[in-house]
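Analysis of the macromolecular model
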Amino acid sequence: MEKARLASLAPETVRVTNPGGSSPFVFTCDHASNFLPAEFGTLGLPAADLSRHIAWDPGALPVASRMAQALDATLIETRVSRLVIDCNRPLDAPDLVPPVSETTVIPGNSSLSDKQRAARIDLAWHPFHDTIAEIVEQRLARGQETRLVSVHSFTPVYKGKSRPWHIGIIHDDDRRLATPLVAALQRLAGVTVGVNEPYSPADRVYFTLERHARSRGLACAMIEIRNDEIAGETGQRKWADLLTGIFSNLEPEEARGSRQSAMGKSVQSAS
């Protein structure tokens, strides 16, 4: 896995790949990087911790990138570690700047002033969400069908408890994408699929989709892949190709008869 990069910060803290993609899917990778800007040092952590899941979602970006390229989809990714600020959290979340991640205390995140907290929000949170909003609004303004999917990875063991799922699909009461996606994954031999596992929206992990998709009536879903499945290029390619094959033919349940919901108009959630 990639080691944390502690060099000077790249010019941008969010990156968009293929902004004019023709696919109806827009992918986000909320925890794409373990990069720490130089001004944060190591946040008081040993180097080994900066390559762990607490700093990012290992393997998620290569999978999302390969899918976006194959589908001609747009990809929006964060370029700063979630230890600095978690872009998949609302601004009032206690773990927006996590003082503890899993069981690891983050010394550099303790006792932040309001000014320091605001600086982190301006560094990465606002650019990420402003960029998503701009991309989505541009697509809707030109009448382009739009569905949002966030790509994440999860650790095989969390606080001593093993997680058996190879992949999880997270959704709230809007199941337009989740239902056909889960059904397609369940047809794959040897794949254990979690439905709202290992997380659910109740765990406050659905913020990006709530903010940008649910608020606009757009079909959406969250993908979580167990990170030992995508630790190397072979696994990343395998899962990206499997998911690309599914997404190539994936139609939201309510969109089969009408494209209205995918164009950003309010619809009743699927039961």
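Anything mentioned here points back to the structure above.
Quick summary incoming for the structure in this document. Here the structure is a predicted model, which means the values were calculated and not measured.

1. A few points about the nonpolar core
- With 41 residues, the main nonpolar core has Leu-43, Ile-76, Leu-83, Val-84, Ile-85, Leu-96 and Leu-148 as its most contacted residues.
- The element contributing the most residues to this core is helix α2 (residues 114-141), with nine residues.
- Excluding anything up to four places from it in sequence, Leu-43 contacts Leu-36, Leu-83, Val-84, Ile-106, Pro-107, Gly-108, Asn-109 and Arg-120.
- In this structure, Ala-60, Leu-75, Val-149 and Ile-167 belong to the second largest nonpolar core, which totals 36 residues.

2. A word on the pattern of salt bridges
- Summed over all chains, the structure comprises 20 salt bridges.
- With its nearest N and O atoms 4.0 Å apart, the salt bridge here joins Arg-52 to Glu-102. Of this pair, Arg-52 sits in the loop between β2 (25-29) and α1 (60-71) while Glu-102 sits in the loop between β4 (100-101) and β5 (104-105), and the two are 50 residues apart along the sequence.
- Residue Arg-52 is classed as partly exposed on the basis of its relative accessible area of 29%.
- Of the charged contacts, one joins Glu-229 and Lys-238 as a salt bridge, the two residues approaching to 3.6 Å between their closest N and O atoms.
- Residue classification places Lys-238 among the partly exposed positions, given a relative accessible area of 41%.
- Through salt bridges that share partners, Asp-172, Asp-173, Asp-174, Arg-176 and Arg-214 make up one connected network.

How each quantity is defined
Residues numbered from 1 in each chain as written. Predicted model: local features only at pLDDT ≥ 70, side-chain atom pairs only at ≥ 80, totals over all residues. Heavy atoms only, no water. Core = buried A, V, L, I, M, F, W, Y, C linked by side-chain atoms within 4.5 Å. Buried < 20%, exposed > 50% of the residue type's maximum accessible area, 1.4 Å probe, protein only. Helix = DSSP H or I, 4+ residues; strand = E, 2+ residues; numbered from the N terminus. Contact = heavy atoms within 4.5 Å. Salt bridge = Lys/Arg side-chain N within 4 Å of Asp/Glu carboxyl O.

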